[in-house]
Amino acid sequence: MTLFSYCLSIMGEVLKKEAYGLAVKDESGVISPFHFSRRETGENDVRFKVLFCGICHTDLSMAINEWGFTSYPLVPGHEIVGVVTEVGAKVTKFNAGDKVGVGYMVSSCGSCETCTDDQENYCPKMILTSGGKYYDDTITYGGYSDHMVCEEDYIIRIPENLPLDATAPLLCAGTTVYSPMKYHGLDKPGMHIGVVGLGGLGHVAVKFAKAMGIKVTVISTSDRKRDEALTRLGADLFLVSRDPEQMKDAMGTMDGIIDTVSATHPVLPILDLLKYKGKLIMVGAPDKPLELPVLPLIFGKKMVVGSMVGGIKETQEMMDLAGKHNITADIELISADYVNTAMERLQKADVRYRFVIDVANTLKPSP
């Protein structure tokens, strides 16, 4: 972590570079053109032209202040990819022309227990890419914008063989499912995991699990996505969670389950699918508390844990694995003027599976 920008702010000498993008001005969630400024490239900074930016459900939640801590104006976006245009004097890992990305965070303290454990995403002083507060007390602006500047240590290198548009969502969705599989030892060939929900997170969870040599069962509330899961994404099995016979037959068969669902749903039937010492990992974020039955945990030595995006090291590992196996997200590429409509559709789960903004070709500065 560099104190360069902070020191400049103390001296009242912070330099700025004009930028433009899309911002939310209030809790209506309506997104409109926005002119702002970013700091000049510091000695440890990387500046890049934004080419594409994914739309995450978190963007929608932040836009409407669903969690109660949004600061306006908000420039959303933390699935940001582009090409390096400038690097600071002390930058050693990147050069102009490199394909890079920025995910959920742009800084952390670098010295606490979580940071030294390569889990900067849990640092109490972690700074969000969008809507956070930087060291100079300015609000951080995300990737719905023409360019980004970020500390070198929080930049992710994108493999040359991956298309940038479909790679952008991996910076959030990809690392969100990769991190718990890796951390909890569910990445070993021959293991069996379940994936609850086949959406933006679930479909990349299936792809990464299959790349690791893992048996995958997709768990959904209806048969509607069976062919999608088995035929196109390559899942091994498909379970309808509302079918008691199917669920009974699968009891005690899974080493772990990644639950990606953000809506309120029953947990007991999912817990019953786990083997002895199995782990249910929650990566979705329901807005209401879930009912957690304790007896299945006690009698099966089972665990329920939470997980969010991965740290920088994990995220780079995930991206390298994606490059090795040509893993990308399934996207709908949209223009900048379609973002408000995309947010409305996202609220209805009407996307297969991730919206990505074609920033470079469609985001034009307003007068």
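Described below are features of the structure shown in this document. (Residues numbered from 1 in each chain as written. Predicted model: local features only at pLDDT ≥ 70, side-chain atom pairs only at ≥ 80, totals over all residues. Heavy atoms only, no water.)

### Structural notes on the nonpolar core
Within the largest apolar cluster, 95 residues are counted, with the highest numbers of intra-cluster contacts made by Phe48, Ile55, Tyr144, Ile193, Phe208 and Val339. The element that contributes the greatest number of residues to this core is strand 3 (residues 45-55), accounting for seven residues. Contacts of isoleucine 55, omitting those with residues within four sequence positions, involve Glu79, Tyr144, Ile334, Val339, Ala342, Met343, Leu346, Arg354, Phe355 and Ile357. The next biggest cluster of nonpolar side chains, apart from the first, holds 15 residues, and it includes Val196, Met254, Val267 and Leu273. (Core = buried A, V, L, I, M, F, W, Y, C linked by side-chain atoms within 4.5 Å. Buried < 20%, exposed > 50% of the residue type's maximum accessible area, 1.4 Å probe, protein only. Helix = DSSP H or I, 4+ residues; strand = E, 2+ residues; numbered from the N terminus. Contact = heavy atoms within 4.5 Å.)

### Digging into the environment of leucine 280
Along the chain, the position of leucine 280 falls in strand 14 (residues 274-282). Along the chain, leucine 280 and glycine 256 lie 24 residues apart, while their C-alpha atoms are 5.8 Å from each other. Beyond its immediate stretch of four places on either side in the chain, leucine 280 contacts Ile257, Asp259, Val267, Ile270, Leu271, Leu274, Met303, Val304 and Val305.

### Quick look at empty space enclosed by the protein
For the structure shown, the criterion picks out two cavities of 30 Å³ or more. Space inside the largest cavity adds up to approximately 100 Å³. The element that contributes the greatest number of residues to the lining of the largest cavity is helix 2 (residues 57-63), accounting for three residues. Classifying every residue of the lining of the largest cavity gives seven nonpolar, four polar and one charged. Each pocket or cavity is described by its volume, and for the second largest cavity that value is around 80 Å³. Together, Gly103, Tyr104, Met105, Tyr154, Ile156, Leu171, Thr175, Val309, Gly310, Ile312 and Thr315 line the second largest cavity. (1 Å grid on protein atoms, 1.4 Å probe; cavity = no way out; pocket = protein on both sides within 12 Å on 5 of 7 lines; lining within 4 Å. Points joined across faces, edges and corners; volume = space filled by probe spheres on them. Nonpolar A, V, L, I, M, F, W, Y, C, P; charged D, E, K, R; others polar.)

### A word on the packing of helix 5 (residues 173-183) against helix 11 (residues 312-325)
The geometry of a pair of packed helices is captured by two quantities: the angle between their axes and the separation between those axes. Contact geometry of helix 5 with helix 11 gives a least axis separation of 9 Å together with a crossing angle of 105°. Taken as axis vectors, helix 5 and helix 11 run roughly perpendicular relative to one another. On helix 11, the residues touching Gly174, Thr175, Tyr178, Ser179, Lys182 and Tyr183 of helix 5 are Glu314, Thr315, Glu317, Met318 and Leu321. Looking at the contact of helix 5 with helix 11 residue by residue, the class counts come to four nonpolar, four polar and three charged. (Axes fitted to C-alpha atoms, helices over the stretch in contact; angles between N-to-C directions. Parallel < 35°, antiparallel > 145°, perpendicular 65-115°, else oblique.)

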